[in-house]
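Report on the structure
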Amino acid sequence: MTSSTKKRRDPLSPKPILDRKILSQALKERGITIKDVHLDTFYQQLHRQNYPGLKEFVQEYLATEDARGNGAKENEFVMNQKTAIVATKNAVSSKKGRIRRLPRAFLDFLADPQNDFVTLTSSIDKRPTSIDGTTTKMAIKLQDGHVVESVLMRHVSAGGSRATLCVSSQVGCAMGCTFCATGTMGIRGNLCSGEILEQLVHAERVLQQEVQAFSSGEDVSSSDHDNHVGDNDNDLIVSCDGSKQKRSEQDLSFVRNVVFMGMGEPLNNFENVVVACRAMIDRRRWNLAHGRVTVSTVGVTPNMRRLTKELPEVSLALSLHAPNQPMREAIVPTAKMYPIKDIVDALDEHMMALIKNKSVHDQFDAADRQSMSKRKRAMIEYVMLEGDTSKLECAHQLGKLCENRKFIVNLIPYNQTDVKDKLSCPSEEHMKEFQRIVMSYGAFCTIRRTMGADIAGACGQLVVSKEKENKVHLGDIEDGPFHEQNHARSPQEMAAQPTKQAVSTKDATKEDKGEYDINIEKWIRPLAVGTALSLSVCLLSLGVIVFQKKKR
């Protein structure tokens, strides 16, 4: 059964070792007692070895213990030459200090092939990279056949470079936003915390492979036929200003930012998302800056406030998309349950939660807000759709919502696909005027740079639709009321297709004809049924007429 026909997730088997809760429960069932500090040590060591198989991990760990017993330094690893394990460069996770030895019973459990645990339960099914080299979309195949998507973005500028990973938290989404591709799937199930973290492991392996390939002069695209959709120099990447720079000049070896803006509503999978966030900011592991982990929500107010209580350190983003309640209810169905004033207040409370000695009901002065805006971000995401929500009047309403709050407003240009769509993006001039009005109220407002549109990896395009037998390929996240007949191009199709400027009139005619044929097909069955009913009525009428004539 393919992921397109499955409506629910299967039980996890094998189980992800990165899910601490599942691992702790399994150890308890086996009668193995282990302290939290030992689990902390295990995950630290696993991270330092770059997540090898469990058997390989135990072998390397024991070899390290033997070397340590022979006088080797505490932070040295004796790497098996047969395994291609590369130690991570996290300065904190490899810091010298006392490392607790893992219990022998726990090591035996890890080495047992019958323990039903593996380091990674998922794999990269497809990995297209945009022509400019900035964006890689990873189709992550889960063990039960479902597919979620992560987008790896390389931001390059003269002032410094960074890699950002957009992760998924659910298979599908229950929120049903009218402009959202993922919303058309419905909800299939949650990802456990281990599966969320595996996306980060896959992304960092991709980055490390690129660095190693560049250092050795290899062509990384040759090892993966889905890796690139265009012919570009593997050692070059396009910066924000359009200039090309060598990879060796960029700090792109590791993910520096993580945003929960992929498939699913993160706050509907609250426990697993919070556990994953804590692992990401753990100093023994990824050691991401707290403010560089961002949870995005369409506005689940109770869980927004719960996040503020349990994990106020991370950043929060609100997918608002409309400046007033009636407009928002028209495009975000769940908005009926969450008034716009409440969700904006909850966002503000989260931003100011780290200020001591003041409750959420106290008034914060400008200095307080300025101080907090430097420590973490509270963002409002607003998709720019041609129509009512992008009128300049709405810019004034949005500006008033953000006035004196130090929010970051991120205007997201609507990303169109290669199929006909009811929605479109306003002109660049209109978006700039919209931005200017919002900024006039004191809010910091930006227009998001579109990345990965050529690989269906830009914001608003991620969706896992029908499988190959239905001739529908991977599309993309938060944008686009795609109908079932619509489909995104596969990486191979995009590689073969010329740019928009080179498309001929003949090709355009073919595309229009194909779309026309698809629209005709959906009417065939209703027309057939109508014709059959009409014929039945005619025959019945004819029979009545004949009967009446005979009676006379």
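Right above here is the structure, for reference.
The notes below deal with the structure included here. No experiment lies behind these values; they were computed from the predicted model shown. (Residues numbered from 1 in each chain as written. Predicted model: local features only at pLDDT ≥ 70, side-chain atom pairs only at ≥ 80, totals over all residues. Heavy atoms only, no water.)

Focus: the overall build of the protein chain
Which entries qualify depends on this criterion: Only DSSP runs of H or I covering at least 4 residues are called helices, and only runs of E covering at least 2 are called strands; the numbering of each starts at the N terminus. Partly exposed residues are those whose accessible area sits between 20% and 50% of the maximum for their type, while under 20% is buried and over 50% is exposed, using a 1.4 Å probe and protein chains only. Any two residues whose heavy atoms approach within 4.5 Å at even a single point are treated as in contact.
Along the backbone of the protein chain there are 14 helices and 16 strands. Residues counted as buried form 50% of the 552 residues belonging to the protein chain. A separation of at least 24 residues holds for 68% of the contacts in the protein chain among residues at least 6 apart in sequence.

Considering the side chain of Asp19
Note the cut-off: We count Lys and Arg on the positive side and Asp and Glu on the negative side, and we leave His and both chain ends out. Throughout this description, the term salt bridge denotes a Lys or Arg side-chain nitrogen within 4 Å of a carboxyl oxygen of Asp or Glu. Polar contacts here mean pairs of N or O atoms no more than 3.5 Å apart (in protein, one a potential hydrogen donor and the other a potential acceptor; neighbouring residues in sequence count only if both atoms are side-chain atoms).
Here Asp19 lies in the loop between strand S1 (15-16) and helix H1 (20-29). Within the buried set, Asp19 has no salt-bridge partner at all; the shortest N-O distance to an opposite charge, 7.4 Å, is to Lys21. Polar contacts involving the side chain of Asp19 include one to the main-chain amide nitrogen of Lys21, which spans 3.3 Å. A polar atom in the side chain of Asp19 sits 3.1 Å from the backbone nitrogen of Ile22. Once you skip the residues sitting within four places of it in the chain, Asp19 turns out to touch Tyr43, Cys192, Ser193, Gly194 and Asn272.

Here we look at the environment of Ser150
Relative to the assigned elements, Ser150 resides in strand S5 (residues 147-155). Among the residues examined, Ser150 registers a relative accessible area of 0% and is labelled buried. Separated by 12 residues in the primary sequence, Ser150 and Met138 place their C-alpha atoms 5.2 Å from one another. Once residues within four sequence positions are removed from consideration, Ser150 is found in contact with Thr136, Lys137, Met138, Ile140, Leu165, Cys166, Val167 and Gln199.

What to know about the packing of aromatic side chains
Where we set the bar: Note on aromatic contacts: the rings of Phe and Tyr and the six-membered ring of Trp form a pair at centre separations within 6.5 Å, being stacked when their planes are under 30 degrees apart, edge-to-face when over 60 apart, and tilted otherwise.
By the definition in use, this model includes 7 aromatic pairs. A ring pair is formed by Phe57 and Tyr61, whose centres lie 6.2 Å apart and whose planes are at 25°; its orientation type is stacked. Remark: Tyr61 and Phe57 occur in helix H3 (residues 54-69); sequence separation between them is 4 residues, near one turn of the helix. Given the relative accessible area of 4%, Tyr61 is considered buried. Both rings, one in Tyr382 and one in Phe434, keep their centres 5.6 Å apart while their planes meet at 40°; by these two values the pair is tilted. Remark: Phe434 occurs in helix H12 (residues 428-439) and Tyr382 occurs in strand S14 (residues 378-384); sequence separation between them is 52 residues. The same class applies to Tyr382 and to Phe434, which are both buried. One aromatic cluster is present, built from ring pairs that chain together Phe42, Tyr43, Phe57, Tyr61 and Phe106.

Some thoughts on the nonpolar core
Using the following cut-off: In plain words, nonpolar cores are sets of buried Ala, Val, Leu, Ile, Met, Phe, Trp, Tyr and Cys residues tied together by side-chain atoms within 4.5 Å.
The biggest cluster of nonpolar side chains holds 108 residues, and the ones touching the most others in it are Leu23, Phe42, Phe260 and Met280. If near-sequence neighbours (up to four positions away) are discounted, Leu23 is found in contact with Ile17, Leu39, Phe42, Tyr43, Phe106, Phe109 and Phe117. Ranked by size, the runner-up nonpolar core spans 7 residues in total, among them Val151, Met153, Cys166 and Met379.

Some details on the sheet that holds strand S4 (residues 135-141)
Heads up, the rule is: DSSP bridges decide pairing: two strands pair if at least two such bridges lie between them. Lines fitted to C-alpha atoms define the axes, with helix axes restricted to the stretch in contact, and inter-axis angles between N-to-C directions lie between 0 and 180 degrees.
A sheet is described by the order of its strands in space; here 10 strands give the open sequence S3-S4-S5-S6-S11-S12-S13-S14-S15-S16, paired in mixed fashion. In this open sheet, the two edge strands, each paired with only one partner strand, are strand S3 (123-126) and strand S16 (444-447). Neighbouring strand axes in the sheet, compared pairwise and without regard to direction, differ in orientation by 25° on average. For strand S15 (residues 408-413) and S16, the ladder comprises 4 bridges, and the chain directions are parallel.

As for H1
Condition: This arc is built from the directions going out from the helix axis to the C-beta atoms.
What H1 keeps buried is the set Leu23, Ala26 and Leu27. Viewed end-on, H1 has its buried residues packed into an arc of 100°, placing them on one side of the element. Opposite the buried face of H1, by more than 90 degrees, sit the exposed residues Lys21, Lys28 and Glu29. Looking at where H1 begins, the residue whose side-chain oxygen comes 3.3 Å from the main-chain nitrogen of Lys21 is Asp19.

Concerning the packing of helix H7 (residues 301-310) against helix H9 (residues 340-351)
Spelled out, the test is: Angle categories: roughly parallel below 35 degrees, roughly antiparallel above 145, roughly perpendicular from 65 to 115, and oblique for all the rest. Each residue is assigned to one of three groups, with Ala, Val, Leu, Ile, Met, Phe, Trp, Tyr, Cys and Pro labelled nonpolar, Asp, Glu, Lys and Arg labelled charged, and all others, Gly among them, labelled polar.
Where H7 contacts H9, the two axes come as close as 9 Å, and the packing angle between them is 10°. Put simply, H7 runs roughly parallel to H9. Counting all contacts with H7, which are made through Thr301, Met304, Arg305, Leu307 and Thr308, the residues of H9 involved are Asp342, Ile343, Asp345, Ala346, Leu347, Glu349 and His350. Counted by class, the contact of H7 with H9 contains 5 nonpolar, 3 polar and 4 charged residues.

Digging into the environment of Ile17
Looking at the element boundaries, Ile17 is found in the loop between S1 and H1. Of the residues examined, Ile17 reaches a relative accessible area of 0% and is grouped as buried. For the pair Ile17 and Glu198, spaced 181 residues apart in sequence, the C-alpha to C-alpha distance is 9.9 Å. Dropping the residues within four chain positions of it, Ile17 is found in contact with Leu23, Phe42, Tyr43, Leu46, Leu54, Leu110, Phe117, Val118 and Thr119.

A few points about the pattern of salt bridges
Under the defined criterion, the tally for this structure stands at 22 salt bridges. When the shortest N-O distance is used, the salt bridge between Glu310 and Arg306 registers 3.1 Å. Here Glu310 and its partner Arg306 are both found in helix H7, 4 residues apart, which amounts to about one turn of the helix. Arg306 sits in the partly exposed class, given a relative accessible area of 30%. Residues Lys341 and Asp345 are paired through a salt bridge, measuring 2.9 Å at the closest nitrogen-oxygen approach. Here the residue Lys341 and the residue Asp345 both occupy positions in helix H9, the gap between them amounting to 4 residues, near one helical turn. Residue Asp345 is classed as buried on the basis of its relative accessible area of 18%. Through salt bridges with shared partners, a single network forms among Arg20, Asp36, Asp40, Asp282 and Arg284.

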